[in-house]
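Results of the structural survey
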Amino acid sequence: MLELSGITAGYGHFTALWDVSLRVAEGEAVAVVGPNGAGKTTLLRLISGLIAPRSGRIVFEGAELASHPAHDIVAHGVAHVPEGRRLFPGLTVADNLKMGAFLPAARARYRESLERVYTLFPVLAERQKQRAGSMSGGEQQMLAIGRALMSQPKIILLDEPSLGLAPVMVLRVFDLIRRVREEGYTILVVEQNVRQVLKLVDRAYLLEVGRIKMEGRAAELAEQDFVRKAYMGV
Amino acid sequence: MSRGRFLAGAVLGVLVVAPFVPMGGVQQYVLHVAIQIFIWSFIGQAWSLMGRFGLVSLGHGAFLGVGAYTTTLLWNVYSLTPWIGALLAVAAAVAIAVVLGIPCFRFRVIGHYFALVTLAVGEVIRLLIIAERDWTGGSLGASLKTTGTASGLWTLQFADKRVFYYTSLGVFLAGLWVWDRVDRSMARSALEAIGEDETAAASVGIHVTRFKLGITVVSAALTALGGVLYAQYISYVNPDTLSGIGVSLKIVFAVVLGGMYSLMGPLVGTALTTALAEGLRIAFGLKFLGMADTIYGLLLIIFIIFLPSGIYGSIRNAIRRRSGSSNTAPA
Amino acid sequence: MDPIFLVEAAINGILLGGVLALLALGLNLIFGVLDIVWIAYVELVMLCMYAVYFFNVTFGWPIWAAGLVSLAAGTLLGIAVHLLIISPILTSAPINQLLATGGLLFFLQSAATFLWTTDHKTVRLSLPSYEIAGIFLPATRIIPFAISILAVIALYVFLTRTYIGTAIRAVSQDRDAMSLMGANPQRIYIVTSAVGGLMAGLAGALLIFQYSVHPFFGGQFGPLTFMICVLGGLGNMVGAFIASFIMSEIISIGGVVISTEMGYVIAFVIFIVMMFVRPGGIMAKRG
């Protein structure tokens, strides 16, 4: 469904990604793990169109995405849950979700999407009128994911969903992502919390200093000695 | 490096000798324009001391007006020599800068807020001048009382334009010197750090308020001095030409156009905008009132959109690019 | 002084505040979304006032029709300013943005001088004046007030109940996030500028009731509008609304007690003082 080939990208004279290639098949859940500063966030911003690659191709369902602006890419079915949630703090839960369905196609199915999100995340239904800025970290992450679902996406990009959350919340959030996954959505997660995310996904890539160092099935990667030592404290 | 010095010296030489070069009928006019350029460049230089560090003031008209009106009114009413009047004018401007600066900087008023607060200050001064029309002359302005034919050093009024020419040139050079001293000082690094990240600067021990206040005081004092000089030369003060948003914007425009971060930027910008304004005025004269300014405004907009780093900056960037060395990341 | 004058001044202050609120809200709306202050905003109002003058006095249209022209003119001007001047400098340094709109101020003031001279132009409206308990309330003040309050309510409804209005609020809270929702930021900017321009047009149509128009009209109301916005907290709509009335009251009462200019001076001085007491504006949380 989504394929990156030979992507090189960065900011100004700084190159964050070197010749990165990865694939996500429909229905899969794929993770990109790696240490801080590896380029994981850059990768997602690239796919969703916030930055442009210097070279390489991004193909989504046969369409070349590399030169399109962000709002266009969303129309293709790519939903991005940004790092730090980036909710609209002054708007209510309901309004945030409404904004998620901004696209004309999504707006037409607004009621249906809203139903689905409220069924999946009943807490959001309870707090419809609450200002997003006043919610807890975990609830905000829930809202951010729900908001992404409102755009009728074909693939959901999640940028560091566990960032800044207490350990209990982290487990809950990964549970949420699992539920979304079970609904049939294709997912690409970027995470620092290797242990938790490998339990969740089918395949994973290891990104270090802008290059893909390893890739494989999640279970296999979890077995790798140096992965365990470096990232899981074993 | 020494080629630059030689060039500077040559230019200076030309400027010093210029008033004695026979120019026929246009000499008075040329001197007049030159004096204006020197005075306004000096004022622009003073403004840029704040502007280059991110303290964008849209209210320098306040200091200008205070400077000009203080000396003029003290002379007209009390026959106080402008020498002392100037000291008082500068003191008044500094007082305003301190009274407003301390709370402003302590409470971290920056960016758009700071620009609009300074705009308010400029307007307050302008309105005060108009409101107190009994002794300021209001919107009609006030003329500098002349002492018959007794012009001279005591009254700082001179019949011969050339005296003003050398005075303004000297003041302008002094302004360059001050700018240069600031540029080389520790204060510059401190202020640049503050401009980039105030909190970080404060956390390494830089006394943010003290530095900001310091540069503001210097800027205000010099601007007031420029106002004094202007008032003495033109012999007429008016709230709209010397305070308020109009004149404040003009100062900022000239500096940004010329290049806010360079020594000669204010001069380049002021010279160009003055030449432009004069050229337009000559072309249109009184025939089409307002047409000259309309084109002037239009050109300013176009310049800002297409030459964001000013003329000086753009030329320097072009030269840098031509010489191939691009070890700075594109902005 | 006879207290009746103070009461009258207080009421006039409220009536004036209504129209000032339109100016402040329009400017704030644009700032909240675009992070740019349109220094030439009141000059747009000035142009719309001229439009009303020409259509009503020169062409003989009825005042309400001329008012509609003003609304249209304002909207078009708002869009034009955005496309021609703001769009190219969206990513420039703030000082360049201030100067671009500042240059527009010069340009519009001079163009108006060139086209229509510095003569003050008035629209002659013979409207009744009402007397209640010794206080004179002319319709030329009441009608603009009523209309502006209606407009503020309409704006509120637009921003909270409509899709695009909510999107505008969303963009002002997080610009990038909104483009991740599939919203083309340029389109939202244009709508915002159009609404801001519409409010300028409405303000112009209402101000011509009481004030004559001339090229330097902006000098009277421009700085005042900026100050109201900052006082209320730049970008804060509720704050701007409240601040409009605070400033208009000070100006009105000060104008009656001392003089018109001093009324403004006091208002501006109080603004400066308020900046130090609450730098974020009156609606900001302390600290």
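An account of the accompanying structure is given in this report. (Residues numbered from 1 in each chain as written. Chains lettered and ligands numbered in written order. Predicted model: local features only at pLDDT ≥ 70, side-chain atom pairs only at ≥ 80, totals over all residues.)

1. Topic: the overall build of chain B
- A tally of regular secondary structure across chain B gives 15 helices and two strands.
- For 331 residues, the compact-globule formula gives about 20 Å, and the C-alpha radius of gyration of chain B, at 20 Å, lands near that figure.
- Put simply, chain B has 331 residues, and 46% of those count as buried.
- Relative to all contacts within chain B whose residues are 6 or more apart in sequence, the contacts with residues 24 or more apart total 76%. (Helix = DSSP H or I, 4+ residues; strand = E, 2+ residues; numbered from the N terminus. Rg over C-alpha atoms; globule rule 2.2 N^0.38 Å. Buried ≥ 20, exposed ≤ 12 C-beta atoms within 10 Å, placed from the backbone. Contact = placed C-beta atoms within 7 Å.)

2. A closer look at the overall build of chain C
- Tallying secondary structure elements over chain C gives 11 helices and two strands in all.
- Element order for chain C, N to C, with α for helix and β for strand: α-α-α-α-β-β-α-α-α-α-α-α-α.
- Against the compact-globule benchmark of 19 Å for 287 residues, chain C has a radius of gyration of 19 Å, which places it among compact chains.
- Across its three principal directions, the C-alpha atoms of chain C cover 60 × 50 × 35 Å.
- In chain C, buried positions account for 56% of the 287 residues.
- Once local pairs closer than 6 in sequence are excluded, the contacts in chain C between residues at least 24 apart make up 75%.

3. Focus: the interface of chain B and chain C
- Tallying the contact residues gives 40 residues for chain B and 38 residues for chain C.
- Counting residues per element, the ones that place at least two in the side of chain B that touches chain C are α4 (82-106), α5 (111-131), α12 (245-258) and α14 (291-306) of chain B.
- In terms of residue count, α5(B) provides more of the side of chain B that touches chain C than any other element does, 15 residues in total.
- Of the residues that constitute the side of chain B that touches chain C, the class distribution is 32 nonpolar, five polar and three charged. (Nonpolar A, V, L, I, M, F, W, Y, C, P; charged D, E, K, R; others polar.)

4. Re unusual backbone geometry
Residue and element names in this part refer to chain A.
- Residues other than glycine seldom take positive phi values, yet Arg-86 does so here, at roughly 50°.
- Mapping Arg-86 onto the fold places it in the loop between β6 (78-81) and α3 (93-100).
- The backbone of Val-209 shows a phi angle near 45°, a positive value even though the residue is not glycine.
- Looking at the secondary structure, you find Val-209 in the loop between β9 (203-208) and β10 (211-217).
- With 13 C-beta atoms counted inside 10 Å, the residue Val-209 sits in the partly exposed group.

5. Considering the nonpolar core
- Among the nonpolar cores identified, the biggest contains 269 residues, and C:Met49 and C:Met227 are the most heavily contacted of them.
- With residues up to four places along the chain from it excluded, the contact list for C:Met227 reads B:Leu116, B:Ala120, C:Met247, C:Phe268 and C:Phe271. (Core = buried A, V, L, I, M, F, W, Y, C linked by C-beta atoms within 7 Å.)

6. With respect to the sheet that holds strand β7 (residues 155-159) of chain A
All names here are of chain A.
- Read across the sheet, six strands follow the order β6-β7-β8-β3-β9-β10 without closing on themselves; strand pairing throughout is mixed. The open sheet has two edge strands, β6 and β10, and neither has a second partner. Between one strand and the next, the sheet's axes are offset by a mean angle of 15°, whatever the strand orientation.
- Alignment of β7 against strand β8 (residues 186-191), held across five bridges, turns out to be parallel. Bridge pairing in β8 links Leu-158 to Val-189. (Pairing = 2+ DSSP bridges. Axes fitted to C-alpha atoms, helices over the stretch in contact; angles between N-to-C directions.)

7. A closer look at the pairing of strand β2 (residues 135-138) of chain C
Residues and elements named next belong to chain C.
- Here strand β1 (residues 129-132) pairs with β2 via four bridges, running antiparallel. Counterpart to Tyr-130 in the pairing with β2 is Leu-137.
- Where β1 folds back onto β2 in an antiparallel hairpin, the turn is made up of two residues, including Ala-133, whose phi is positive at roughly 50°.

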